[in-house]
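Below are the chains, spelled out letter by letter.
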Amino acid sequence: MPDILLTHGYFLFEDEKEQQIMKPYAPLGLLYLSAYLKREGFEVEVFDTTFSTKDALAARLAATPGGVVGVYTNLMTRANALWVVEEAHRHGWTVVLGGPESANYPEDYLSRGADVVVVGEGEVTMAELIPALRDRGKHRLHGVAGTVFIDEDGRSGRNDEREKVKDIDSLPWPDREAIDTARYV
């Protein structure tokens, strides 16, 4: 089982307009995150939902229950991201959300079942969060900068913001090998 499974909630078959023009975008943020985490020694799997189905993602989550899944969120994929949260929990996964939508409304997503919301850049935060989840559990993440979570008393725990990466050139190129890039061109 990977240290983290990364995915998102965009399913091309649900987007009639995009099906007409067929210029979908690759999940670049997830690919940057994947490359960074791999460089740091983590085992990462990317499940690109763009050309897939909810049934296929549900089957993947059922195949190896109990891991950590990271889900990219934006306004357009909110409903599907919440579906992923529910489906992942059905199979015992710990759910970490990131991206602009959940970062702007972390308590809303936590109240809907997310375990952790990453606010700000995710690379360094995730590299600290994955071992913290393993070692301390999802309710004892105090001090993991850039995260919002529900503590052991059921209250929202909001850690300090994480400092931004000062040298963006220090980040690796996106992990394009993790997806079928030919489908996008």
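Note that this is a predicted model, so its numbers are computed, not measured.

## Some remarks on the overall build of the chain
In step 1: Assigned secondary structure in the chain consists of seven helices and seven strands.
In step 2: Against the globule reference of 16 Å for 185 residues, the chain gives a C-alpha radius of gyration of 16 Å, in line with a compact fold.
In step 3: The principal-axis extents of the C-alpha atoms in the chain amount to approximately 50 × 40 × 30 Å.
In step 4: For the chain, buried positions account for 51% of its 185 residues.
In step 5: For the chain, restricting intrachain contacts to residue pairs at least 6 apart in sequence, the fraction spanning at least 24 positions comes to 67%.
In step 6: Charge-centre separation for the chain: the mean point of 20 positive side chains lies 1 Å from the mean point of 31 negative side chains.

## Here we look at the packing of helix α3 (residues 54–63) against helix α4 (residues 78–90)
In step 1: Look at α3 against α4: their axes get within 10 Å of each other, and the N-to-C directions meet at 30°. Compared by their axis directions, α3 and α4 come out roughly parallel. Crossing geometry of α3 relative to α4 is assigned as right-handed. Judged by residue contacts, K54, L57, A58 and L61 of α3 engage N80, W83, V84, E87 and A88 from α4.
In step 2: Taken together, the residues of the contact of α3 with α4 break down into six nonpolar, one polar and two charged.

## Considering the environment of R155
In step 1: Considering the arrangement of structural elements, one finds R155 in the loop between β6 (147–150) and β7 (156–158).
In step 2: Look at R155 and you get exposed, because its relative accessible area is 52%.
In step 3: In the structure, R155 is positioned 85 residues away from G70 in sequence and 22 Å away in space, judged by C-alpha atoms.
In step 4: Within the structure, the side chain of R155 is placed 3.2 Å from the side chain of D153, a separation counted as a polar contact.

## A look at the sheet that holds strand β4 (residues 94–98)
Adjacent strands of a sheet form backbone hydrogen bonds with each other and so pair up, either parallel or antiparallel.
In step 1: The strand order across the open sheet formed by seven strands is β2-β1-β3-β4-β5-β6-β7, and the pairing between neighbours is mixed. Looking at which strands have only one partner, the edges of the open sheet turn out to be β2 (44–47) and β7. Geometrically, the sheet is characterised by an average inter-axis angle of 20° between neighbouring strands, direction not taken into account.
In step 2: Pairing geometry for β4 and strand β5 (residues 116–118), over two bridges, is parallel. From the neighbouring strand, V96 faces β5, where its bridge partner is V116.
In step 3: Here α3 sits on the sheet in contact with β1 (4–8) and β2, set at roughly 155° to β2.
In step 4: Strands β1, β3 (68–72), β4, β5 and β6 of the sheet are contacted by helix α7 (residues 123–136), whose axis makes an angle of about 165° with β5.

## Some details on the nonpolar core
In step 1: If you look at the biggest cluster of nonpolar residues, it comprises 25 residues, and the most contacted ones within it are I4, L37, V96, M126, L129 and L141.
In step 2: With six residues, α7 is the largest single contributor of residues to this core.
In step 3: Each residue touching V96, except ones within four places of it in the same chain, is listed here: V68, V69, G70, V71, V116, V118, M126, L129 and L133.
In step 4: By size, the runner-up hydrophobic cluster in this structure holds 20 residues, among which are L5, V69, V95 and Y109.

## Considerations on α7
In step 1: Here α7 contains 14 residues, and its C-alpha end-to-end distance of 20 Å stays within 8% of the 20 Å for a straight helix at 1.5 Å per residue.
In step 2: Along α7, the residues that are buried comprise E123, T125, M126, A127, L129, I130, P131, A132 and L133.
In step 3: Buried residues in α7 make contact with β1, α2 (28–39), β3, β4, β5 and β6.
In step 4: Just downstream of α7 lies G137, where phi reads positive at about 90°.

## Quick look at the pairing of β6
In step 1: When β5 meets β6, the two strands line up antiparallel, connected through three bridges. Residue pairing across strands places V117 opposite V148, the latter belonging to β6.
In step 2: With three bridges joining them, β6 and β7 adopt antiparallel strand pairing. Directly across from V148, in β7, lies its bridge partner R158.

Basis of the calculations
Residues numbered from 1 in each chain as written. Predicted model: local features only at pLDDT ≥ 70, side-chain atom pairs only at ≥ 80, totals over all residues. Heavy atoms only, no water. Helix = DSSP H or I, 4+ residues; strand = E, 2+ residues; numbered from the N terminus. Rg over C-alpha atoms; globule rule 2.2 N^0.38 Å. Buried < 20%, exposed > 50% of the residue type's maximum accessible area, 1.4 Å probe, protein only. Contact = heavy atoms within 4.5 Å. Lys, Arg positive; Asp, Glu negative; His and termini not counted. Charge placed at Lys NZ, Arg CZ, Asp CG, Glu CD. Axes fitted to C-alpha atoms, helices over the stretch in contact; angles between N-to-C directions. Parallel < 35°, antiparallel > 145°, perpendicular 65-115°, else oblique. Left-handed = near helix turned anticlockwise from the far one by under 90°. Nonpolar A, V, L, I, M, F, W, Y, C, P; charged D, E, K, R; others polar. Polar contact = N/O pair within 3.5 Å; in protein donor to acceptor, adjacent residues only side chain to side chain. Pairing = 2+ DSSP bridges. Core = buried A, V, L, I, M, F, W, Y, C linked by side-chain atoms within 4.5 Å. Expected span 1.5 Å × (residues − 1).

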